[in-house]
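Below are the chains, spelled out letter by letter.
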Amino acid sequence: MAVAFANLNAASGLQKLNDYLLTRSYITGYQASKDDIAVYAALNTPPSSEYVNAARWYNHIDALLRLSGIAEEGKGVKIESTATLLEEIPATPAVADKAPVDEDDDDDVDLFGEETEEEKKAAEERAAAVKASAKKKESGKSSVLLDVKPWDDETDMKKLEEAVRSVQMEGLLWGASKLVAVGYGIKKLQIMMTIVDDLVSVDELIEEYLCAEPANEYIQSCDIVAFNKICEICLGTASLRLRFLVMLFSKIVQWYVNRFLAS
């Protein structure tokens, strides 16, 4: 059944439209349709804020028109005026003069008001924080064992180790080391290091630091002996197991002590 409105540009007509839209989002149905376009086109100016429901509906339809969001056919609506009553809705309402649709005009529509500089800055900070948090979460660690070989048996191994440990960078932590005999009086340095995978490349560390000046005065070459990913979950499990074993051992000792005292 078609809906009829009369004198939409007069106070009485606007009041009727405002009352009608009190419990409705659209003229007919639950989606914007050509019925909404017809009523929209019949209004010469946007309803004032006095007509809260009509103004809300008008702004919504105006935004949809700009975004080319009207697709439904509708159920039919009639617009009455003092000149012509119960005019049939045209098959394709002409609304070009009222709200021309421009596919490239999407950026001009602001349904929620202009964003302030403070809001933009806050949004950028939140995005950066989320990105940094995600990156930090994904960053894994690895344990690497290196063989660092000297030039000959006359190389000062103490200075060689000092040259190795002098390489410092974010995400790199040197660990324990020892000298291992190779033969003919030559020894090599085996040294552990822990790295953050996203920050340290072992290949670059060897090529650009350990086998480059000034470290190459003592270092002839470096080889990766072992490369293992560090599993945080495994570490946590190992810690729990250790705590359990300590507690179990303590219980056993206490049991023996109590038994000894009882005897």
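See the structure above.
In this text the structure is predicted, and so the values were computed from the model without any measurement. (Residues numbered from 1 in each chain as written. Predicted model: local features only at pLDDT ≥ 70, side-chain atom pairs only at ≥ 80, totals over all residues. Heavy atoms only, no water.)

Draft legend 1. Region of interest: the overall build of the chain. Per the secondary structure count, the chain includes seven helices and six strands. Taken from the N to the C terminus, the helices and strands of the chain come in the order β-α-α-α-β-α-β-α-β-β-α-β-α. Buried positions account for 29% of the 263 residues belonging to the chain. Long-range contacts, defined as pairs at least 24 residues apart, comprise 70% of the intrachain contacts of the chain with a sequence gap of at least 6. (Helix = DSSP H or I, 4+ residues; strand = E, 2+ residues; numbered from the N terminus. Buried < 20%, exposed > 50% of the residue type's maximum accessible area, 1.4 Å probe, protein only. Contact = heavy atoms within 4.5 Å.)

Draft legend 2. Region of the structure containing the environment of Ile-186. Position of Ile-186 among the secondary structure elements: in strand β5 (residues 186-196). Taking relative accessible area as the criterion, Ile-186 reaches 26% and is therefore assigned partly exposed. Put simply, Ile-186 and Lys-149 are 37 residues apart on the chain and 8.9 Å apart in space, counted from C-alpha to C-alpha. Non-local contacts of Ile-186, meaning those with residues more than four positions away in its chain, are made with Pro-150, Asp-152, Asp-153, Val-180 and Ala-181.

Draft legend 3. Highlighting the packing of helix α2 (residues 34-42) against helix α3 (residues 52-66). Axis separation between α2 and α3 bottoms out at 10 Å; the angle between their running directions is 110 degrees. Classified by the interaxial angle, the pair formed by α2 and α3 is roughly perpendicular. Taken as a pair, α2 and α3 cross one another with a handedness that is left-handed. In contact with Asp-36, Ile-37, Val-39 and Tyr-40 of α2, α3 contributes Trp-57, Tyr-58, Ile-61, Asp-62 and Leu-65. By residue class, the composition of the contact of α2 with α3 is seven nonpolar, no polar and two charged. (Axes fitted to C-alpha atoms, helices over the stretch in contact; angles between N-to-C directions. Parallel < 35°, antiparallel > 145°, perpendicular 65-115°, else oblique. Left-handed = near helix turned anticlockwise from the far one by under 90°. Nonpolar A, V, L, I, M, F, W, Y, C, P; charged D, E, K, R; others polar.)

Draft legend 4. Summary view of a negative patch on the surface. Negative charge collects at one region of the surface, where Glu-117, Glu-118, Glu-119, Glu-124 and Glu-125 lie side by side. One can find Glu-124 in helix α4 (residues 117-138). (Patch = residues over 30% accessible without salt bridge, like charges linked within 9 Å, V, L, I, M, F, W, Y side chains within 5 Å. Areas by Shrake-Rupley, 256 points an atom, 1.4 Å probe, with all protein chains shown as cover. Salt bridge = Lys/Arg side-chain N within 4 Å of Asp/Glu carboxyl O. Lys, Arg positive; Asp, Glu negative; His and termini not counted. Charge placed at Lys NZ, Arg CZ, Asp CG, Glu CD.)

Draft legend 5. Spatial organisation of the side chain of Lys-188. The residue Lys-188 is located in strand β5 in this model. We classify Lys-188 as buried; its relative accessible area is 17%. Within the structure, the side chain of Lys-188 is placed 2.7 Å from the side chain of Asp-147, a separation counted as a polar contact. Excluding residues within four positions of it along the chain, Lys-188 makes contact with Asp-147, Val-148, Lys-149, Pro-150, Met-157, Lys-178, Leu-179, Val-180 and Val-182. (Polar contact = N/O pair within 3.5 Å; in protein donor to acceptor, adjacent residues only side chain to side chain.)

Draft legend 6. Molecular detail of the packing of aromatic side chains. All chains considered together, the criterion is met by two aromatic pairs. Relative to Tyr-58, the ring of Tyr-40 has its centre 4.8 Å away and its plane inclined at 25 degrees; by these criteria the two rings are stacked. In this pair, Tyr-40 is assigned in helix α2 and Tyr-58 in helix α3, connecting sequence segments 18 residues apart. Accessibility classification places Tyr-40 together with Tyr-58 in one group, the buried group. Its end group placed over the ring of Tyr-20, Arg-24 keeps NZ or CZ at 4.1 Å from the ring centre. (Phe/Tyr/Trp six-rings, centres within 6.5 Å; stacked < 30°, edge-to-face > 60°. Lys NZ or Arg CZ within 6 Å of the ring centre and 35° of its normal.)

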